[in-house]
Amino acid sequence: MSVHFTRRSLIRGITAATAVATLATGLAACGGNSDAATTTGAAGGTVTVGQLSNGAAKQTGLKVSEVKSISAELPKSVKSSGKLEIGVGALPAGFAPLAYVGSDQKTLTGAEPDFGRLVAAVLGLKPELKNFTWENLFVGIDSGKVNVAFSNVTDTEERKKKYEFASYRKDNLGFEVLKSSKWNFDGNYENLAGKTVSVGAGTNQEKILLEWKKKLEGEGKKLTVKYYPDRNGTYLALNSGKIDSFFGPNPGIAYHITQSASTPNPTRNAGTYSGAGASLQGLIAATAKKDSGLAKPLADAINYLIKNGQYAKWLAAWNLSNEAVAKSEVNPPGLPLDNS
């Protein structure tokens, strides 16, 4: 990925802590894409989200039917095909809770595939999921192997040279603390004074944290930043009180919270921050080839899901409610060219 590191840092921040069998097998296929790991569409007007999630989500059935006024907006070639070919860049190891192989060892599950299926239902199309490596995901869009990507793709001005976007989720970082902790970030770096925080080296969140550390030092205050070789080390440090918080990609933290819930040291989210920094709320967006004519019907389908409540239920099922957007936008302002 680019300087922003959203998906790369997400993978670095999650996979070590989530190397369960459901992630390690099934997605280990070589090559660019896999048609084997697919999910089914709406059955009887119901899309079931959170299936086979290995405890990462609450399985929920959502009523969704075609909205003909929206499906009429589709390009003729897509509408006549009867299917929406959806790309996910989860090879080789997946990135829970967003996209990974489910507990049956073969089905591609996660928040992103689920949302693609919901959007396809509104458009009256059968979803066909294709799993790629991250790099080949964009090759798949360029070559027409897929119509759209739902794969934690950040909206950037650089990418707008080749792609069009329909936003659907905030691109957030998060602070994870023990559930017993009384500390909260509250969107204010001043609240980090006197704290010890772990972060992944070389990530976008490290850059942000070190900027806050410098600001606090200028005010005569101290923020201690610690690094660990993997997430196991990070969470051992958190459990033992060696650090106060872990600062990382919000979806990965959401996943770990579900996994720690029944342990002696459950955790919680103590606040989020835009992955784009203070000047812009970063956004995750459905990504289609530029001038494909898909961005508007995709955005309208997403807004239908927002208005009618399925969107909020999808996010809640995956413990991602803190990344909700008020509406989907076509090509909203993205990360600027000097940071994308």
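This one's a predicted model, so the numbers in the text were calculated from it and none came from an experiment. (Residues numbered from 1 in each chain as written. Predicted model: local features only at pLDDT ≥ 70, side-chain atom pairs only at ≥ 80, totals over all residues. Heavy atoms only, no water.)

Here the focus is the overall build of the protein. Scanning the protein from terminus to terminus reveals eleven helices and 15 strands. Residues classed as buried in the protein amount to 54% of the 340 residues present. Within the protein, residue pairs in contact and separated by at least 24 positions form 79% of the contacts whose partners lie at least 6 positions apart. Summing over all exposed atoms, the protein offers an accessible surface of approximately 13,600 Å²; the carbon and sulfur share of this is 52%. (Helix = DSSP H or I, 4+ residues; strand = E, 2+ residues; numbered from the N terminus. Buried < 20%, exposed > 50% of the residue type's maximum accessible area, 1.4 Å probe, protein only. Contact = heavy atoms within 4.5 Å. Areas by Shrake-Rupley, 256 points an atom, 1.4 Å probe, with all protein chains shown as cover.)

Moving on to unusual backbone geometry. Between Leu-91 and Pro-92 the backbone carries a cis peptide bond, its omega angle lying at 5°. Tracing the chain through its elements places Pro-92 in the loop between strand 4 (83-91) and strand 5 (100-101). In this model, Ala-96 is joined to Pro-97 through a cis peptide bond whose omega is 5°. When you line up the elements, Pro-97 lands in the loop between strand 4 and strand 5. Of note in this structure, Gln-105 is not a glycine but carries a positive phi near 70°. Secondary-structure assignment places Gln-105 in the loop between strand 5 and strand 6 (108-109).

Time to look at the nonpolar core. Ranked by size, the top nonpolar core spans 53 residues in total, and within it Phe-115, Trp-314 and Trp-318 carry the most contacts. Every element with two or more residues in this core is listed here: strand 2 (46-49), strand 4, helix 5 (111-122), strand 9 (163-170), helix 9 (250-260), strand 15 (283-289), helix 10 (295-307) and helix 11 (310-317). Examining the composition of this core, we find that seven residues originate from one element, helix 5, more than from any other. Leave out the neighbours within four places in its chain, and Trp-318 touches Val-49, Gly-50, Ser-53, Ala-56, Ala-57, Pro-97, Tyr-100, Thr-109, Gly-110, Ala-111 and Asp-114. (Core = buried A, V, L, I, M, F, W, Y, C linked by side-chain atoms within 4.5 Å.)

Overall, the coordinates contain 17 salt bridges when judged by the stated rule. For Lys-83, the salt bridge identified is with Glu-85, shortest N-O distance 3.7 Å. Residue Glu-85 is classed as buried on the basis of its relative accessible area, which comes to 13%. Residues Lys-161 and Glu-158 are paired through a salt bridge, measuring 3.2 Å at the closest nitrogen-oxygen approach. The network of salt bridges with shared partners includes Lys-83, Glu-85, Glu-128 and Lys-130. (Salt bridge = Lys/Arg side-chain N within 4 Å of Asp/Glu carboxyl O.)

Attention now moves to the confidence of the model for the protein. For the protein, per-residue confidence averages 89 on the pLDDT scale, and residues scoring 70 or more make up 86% of the total. Taken together, the stretch residues 1-32 has pLDDT below 50 and engages in 91 contacts with residues farther than four places along the chain or on a different chain. Predicted confidence for residues 35-40 stays below pLDDT 50, and this span has 15 contacts to residues more than four positions away or in other chains. (pLDDT = per-residue confidence, 0-100.)

Moving on, we come to the packing of helix 5 against helix 10. Where helix 5 meets helix 10, the closest approach of the two axes is 9 Å, and the angle between their N-to-C directions is 100°. When the axes of helix 5 and helix 10 are compared, the pair comes out roughly perpendicular. Two secondary-structure elements touch here, helix 5 through Phe-115, Leu-118, Val-119 and Val-122 and helix 10 through Leu-298, Ala-301, Ile-302, Tyr-304 and Leu-305. Of the residues belonging to the contact of helix 5 with helix 10, the class tally is nine nonpolar, no polar and no charged. (Axes fitted to C-alpha atoms, helices over the stretch in contact; angles between N-to-C directions. Parallel < 35°, antiparallel > 145°, perpendicular 65-115°, else oblique. Nonpolar A, V, L, I, M, F, W, Y, C, P; charged D, E, K, R; others polar.)

A word on the side chain of Thr-234. For Thr-234, the position within the fold is in helix 8 (residues 231-240). When its relative accessible area of 1% is taken as the criterion, Thr-234 is described as buried. In this view, Thr-234 contacts Ser-198, Tyr-228, Ile-243 and Phe-246; residues no more than four positions away in its chain are not counted.

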